[in-house]
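# Observations on the model geometry
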Amino acid sequence: MTESKIEQFAKDFKFITGMDLERRLPDNDFDTNKVASFVNRCEMLVEEEIKTRNPNYAIWKARGLSEPQLDAIYRATIEQAIYMFSVGDFNLMSGYDPITGVMTPLEELRKRAFSPMAKKVLTNAGLFYAGIGYSTNVGPDRTGWR
């Protein structure tokens, strides 16, 4: 995201949750903006989840996403940020609990890595459905988004 979009994201996040990301996020070890790093990670996770479920997404993005699609991605990114802020980033967990010595299977952790509400937003917008959009045999004129 651009700096202006990240600033808007932080404002929207604060409006929805009442939490200021700048104050609540822990400092990072680099000379980077911790809010920008967090927002960009959330956006990357949302896009990777879309790509996992919809192989046409890369084609859609290259040709230009519609406003409803961009809005759904933005709202899903906010939901993913809320989820990650609340429960942590399951993508960084190994599954090992040093206190009990128990190992949680990675499949179980991966099931919990993505926000259920973000899934709902993207599903309702049709971004998880691989049949809509540009395909190699019908072309862009058959899309349901424009």
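All of the points below concern the structure found in this document. (Residues numbered from 1 in each chain as written. Predicted model: local features only at pLDDT ≥ 70, side-chain atom pairs only at ≥ 80, totals over all residues. Heavy atoms only, no water.)

Turning next to the nonpolar core. If you look at the biggest cluster of nonpolar residues, it comprises 16 residues, and the most contacted ones within it are F9, F13, L21, V35, F38 and A81. Those elements giving two or more residues to this core turn out to be α1 (3–17), α3 (34–53) and α5 (67–87). Here the element with the most residues in this core is α3; it accounts for 6 residues. With near-sequence residues (within four places) excluded, F38 lies in contact with L21, L25, A81, M84 and F85. Judged by nonpolar contacts, the second largest core, of 15 residues, contains I50, A118, V121 and A125. (Core = buried A, V, L, I, M, F, W, Y, C linked by side-chain atoms within 4.5 Å. Buried < 20%, exposed > 50% of the residue type's maximum accessible area, 1.4 Å probe, protein only. Helix = DSSP H or I, 4+ residues; strand = E, 2+ residues; numbered from the N terminus. Contact = heavy atoms within 4.5 Å.)

Interaxial distance between α1 and α3 falls to 10 Å at its minimum, and their mutual angle equals 85°. Our classification of the angle between α1 and α3 gives roughly perpendicular. Contact residues: α1 offers I6, F9 and A10, while α3 offers V35, A36, V39 and N40. Counted by class, the contact of α1 with α3 contains 6 nonpolar, 1 polar and no charged residues. (Axes fitted to C-alpha atoms, helices over the stretch in contact; angles between N-to-C directions. Parallel < 35°, antiparallel > 145°, perpendicular 65-115°, else oblique. Nonpolar A, V, L, I, M, F, W, Y, C, P; charged D, E, K, R; others polar.)

What follows covers the side chain of E49. Position of E49 relative to the elements: it lies in helix α3. Filtering out sequence-adjacent residues up to four positions away, E49 remains in contact with F114 and F128.

Running from amino to carboxyl end, α5 crosses helix α7 (residues 116–124) at an angle of 170°, the nearest separation of the two axes being 8 Å. With respect to α7, the axis of α5 lies roughly antiparallel. Each of A72, I73, R75, A76, E79, Q80 and Y83 in α5 lies in contact with α7, whose residues at this interface are P116, M117, A118, V121 and L122. Residue classes in the contact of α5 with α7 are distributed as 9 nonpolar, 1 polar and 2 charged.

Read these as layout, nothing more, since geometry by itself doesn't imply function.
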